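Close look at the chain arrangement
Here's the letter readout for the chains.
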Amino acid sequence: MGLAKQDVQTYADFYRQHLLDDIVPFWEDRTQDREYGGYLTCFDRAGQLTSGDKYTWCQGRQTWMFSALYNQIEQRQSWLDLARHGRDFLVERAHAGEGRWYYHLDRQGNVVVPNLSLFTDVFAILGLCEYALASGSDEDLDLVRQAFDIYEHNLYDPAFSQYHHFTLNPQYLYHGPYMITINVASVVAQVLGQQRTRALVDYCLDKVLNVFAKDEQQVLFEMVARDGSLVDTHEGRMINPGHVLESMWFVLHEARGRRDTAMVDRVVQICDWMVAKGFDHEMGGILAFIDPEGQEPYVPQVVQDLGEGWASKIWWVHSEALYTLALAARLGQRDDFWQQFRHLHDYTQQYFYDPEYGEWYKYLYRDGSVKVDLKGSKVKSAFHIPRALMYLALLFDEMLAAQD
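About the thresholds
Residues numbered from 1 in each chain as written. Predicted model: local features only at pLDDT ≥ 70, side-chain atom pairs only at ≥ 80, totals over all residues. Heavy atoms only, no water. Salt bridge = Lys/Arg side-chain N within 4 Å of Asp/Glu carboxyl O. Helix = DSSP H or I, 4+ residues; strand = E, 2+ residues; numbered from the N terminus. Buried < 20%, exposed > 50% of the residue type's maximum accessible area, 1.4 Å probe, protein only. Pairing = 2+ DSSP bridges. Core = buried A, V, L, I, M, F, W, Y, C linked by side-chain atoms within 4.5 Å. Contact = heavy atoms within 4.5 Å. Axes fitted to C-alpha atoms, helices over the stretch in contact; angles between N-to-C directions. Parallel < 35°, antiparallel > 145°, perpendicular 65-115°, else oblique. Left-handed = near helix turned anticlockwise from the far one by under 90°. Phe/Tyr/Trp six-rings, centres within 6.5 Å; stacked < 30°, edge-to-face > 60°. Lys NZ or Arg CZ within 6 Å of the ring centre and 35° of its normal. Lys, Arg positive; Asp, Glu negative; His and termini not counted. Polar contact = N/O pair within 3.5 Å; in protein donor to acceptor, adjacent residues only side chain to side chain. Expected span 1.5 Å × (residues − 1).

Side note on the pattern of salt bridges
- The full count for this structure, using the stated rule, is 33 salt bridges.
- Asp142 is paired through a salt bridge with Arg145; the nearest N and O atoms lie 3.3 Å apart. Here Asp142 and its partner Arg145 are both found in helix H5 (residues 141-156), 3 residues apart, which amounts to about one turn of the helix.
- Looking at Asp142, the relative accessible area reads 60%, which means it is exposed.
- Since its relative accessible area comes to 36%, Arg145 is described here as partly exposed.
- A salt bridge links Arg387 to Glu320; the nearest nitrogen and oxygen atoms lie 2.5 Å apart. Note that Arg387 is positioned in helix H14 (residues 384-403) and Glu320 in helix H12 (residues 315-332), a separation of 67 residues in sequence.
- Residue class for Arg387 comes out buried when judged on its relative accessible area of 2%.
- Residues joined in a network through salt bridges with shared partners are Arg84, Arg87, Asp88, Glu139 and Asp140.

Printed below as a string of structure tokens:
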């Protein structure tokens, strides 16, 4: 049955308006550092700057976001100029050399935390590739090629441990690097060619869908042993529903491009698991962490330090899940996913969106009350929310066109 045409039109109008009127202006008005280059991303509820430090995750992500808005929504010169601002900082200040990037710099561009990591590299690559598509310039082609070669080598290397700005135990496999590779490779392929990325994407798809996803437990684990077996520790039992749902739209984009219905079916199955176990059926929204056996989940200290508890409601989880459910509902023809989408749509507008100052709050308590009202930080920037809203607007536009 799907959605009625009027509902599709309503959502198409809403998400374009929410993106362009409520979210993007918050960042356009304050993120550009005209004095020292790059982006400012740390803001309080009202949009006042709380720190000038620059985190390369955000520099790369926002370079991608403004480039993607230019490429996919409207060719506004202001968006291309903002993207160029991020590109210049990535290449001229944050680049550590040889296709690697520093994690943390001060406002002036001096290195604060020199750690190199796979995720820092991948977000820089993401931003540079999308900017290349927006600008039509090949000035960064050699750098992108070098960086992606190194990235791929590190991902395959069983001894590699620099996944985050902190190290992870190389005796285990972690879901994050494989899921993000699927997403980033789709952009890299448009610059370097699909023949350069296809084998790596196939490798990562198999890991996500068949190694981390376990049919017996009906969950997708964030960590498994190198042979794919379960790890019966606190860390091994930790499930991150939002991370899984974000991962699933990366896979759905790949499945749609390949017209692979079996892959779509697998994604729909995994989404079913997360809706059943990860949604807070008592208080609404999505839980930050769950345990596969229903016990109180383990929350890593590095996550606790960010202010997250197992029952926290997190901005990026809910924005990513909105798009995943809508896309899975459309491609998998699942009316029940449309019902879950409606629930999340209402939930995010009631609890996360701040109509007074714009943008979304960072964290909520389980009952929906505001836990952390920051609008920007070292991890929250113009990325997860506008990305999801952009893709939702495009999806509903596509659905309208198909109904005409």
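Anyway, onward from the coordinates.
Digging into the pairing of strand E6 (residues 111-116)
- Two elements, strand E5 (residues 100-105) and E6, share 3 bridges in a ladder whose sense is antiparallel. Within E6, the residue paired with His104 across the bridge is Val113.
- The hairpin turn running from E5 into E6, its antiparallel successor, is 5 residues long, and Gly109 in that turn takes a positive phi close to 100°.

Quick notes on the nonpolar core
- One finds Met248, Phe341 and Phe396 to be the most contacted residues of the largest nonpolar core, which totals 146 residues.
- The residues contacting Phe341, other than those within four sequence positions of it, are Tyr11, Tyr15, Leu322, Leu325, Ala326, Leu392 and Phe396.

Remarks on the sheet that holds strand E12 (residues 363-364)
- Taken in spatial order, the 3 strands make up an open sheet running E11-E12-E13, and their pairing is antiparallel. On the outer flanks of this sheet lie strand E11 (313-314) and strand E13 (370-372), each paired with one strand and no other.

Details of the packing of helix H3 (residues 77-94) against helix H4 (residues 118-135)
- Running from N to C, H3 and H4 point in directions that differ by 135°, and their axes come no closer than 10 Å. Of the possible angle classes, the one that applies to H3 and H4 is oblique. In this structure, H3 crosses over H4, and the sense of that crossing is left-handed. Between H3, through Leu80, Ala83, Arg84, Arg87, Leu90 and Val91, and H4, the contact on the second element is made entirely by Ala124, Leu128, Tyr131, Ala134 and Ser135.

Observations regarding the packing of aromatic side chains
- This structure, assessed with the given rule, holds 33 aromatic pairs.
- Geometrically, the ring pair formed by Phe26 and Trp27 is edge-to-face, given 5.3 Å between the ring centres and 70° between the ring planes.
- Note on Trp27: relative accessible area 1%, which makes it buried.
- What links up through ring pairs into an aromatic cluster is the set Tyr11, Phe14, Tyr15, Trp338, Phe341 and Phe396.
- Across the ring face of Phe123, the terminal group of Arg61 is positioned such that the distance to the ring centre comes to 4.3 Å.

Comments concerning the side chain of Glu222
- For Glu222, the position within the fold is in the loop between strand E9 (219-220) and strand E10 (223-225).
- The side chain of Glu222 sits in the buried core without any salt bridge; Arg61 is the nearest counter-charge, 12 Å away.
- Here His243 takes part through its side chain, which lies 2.8 Å from a polar atom of the side chain of Glu222.
- Sequence-distant contacts of Glu222, defined by excluding residues within four places in its chain, comprise Leu173, Tyr174, His175, Gly176, Phe212, Met238, Asn240, His243 and Val244.

Concerning helix H10 (residues 261-278)
- In this model, H10 (18 residues) spans 25 Å end to end at C-alpha, consistent with the 26 Å of a helix rising 1.5 Å per residue.
- All of the buried residues in H10 are Met263, Val264, Arg266, Val267, Val268, Ile270, Cys271, Trp273, Met274, Val275 and Gly278.
- The inward-facing, buried residues of H10 contact helix H7 (194-212), strand E8 (213-214), E9, helix H9 (241-258), H12 and helix H13 (335-352).
- The N-terminus of H10 is capped by Asp260, whose side-chain oxygen sits 3.2 Å from the backbone nitrogen of Ala262.

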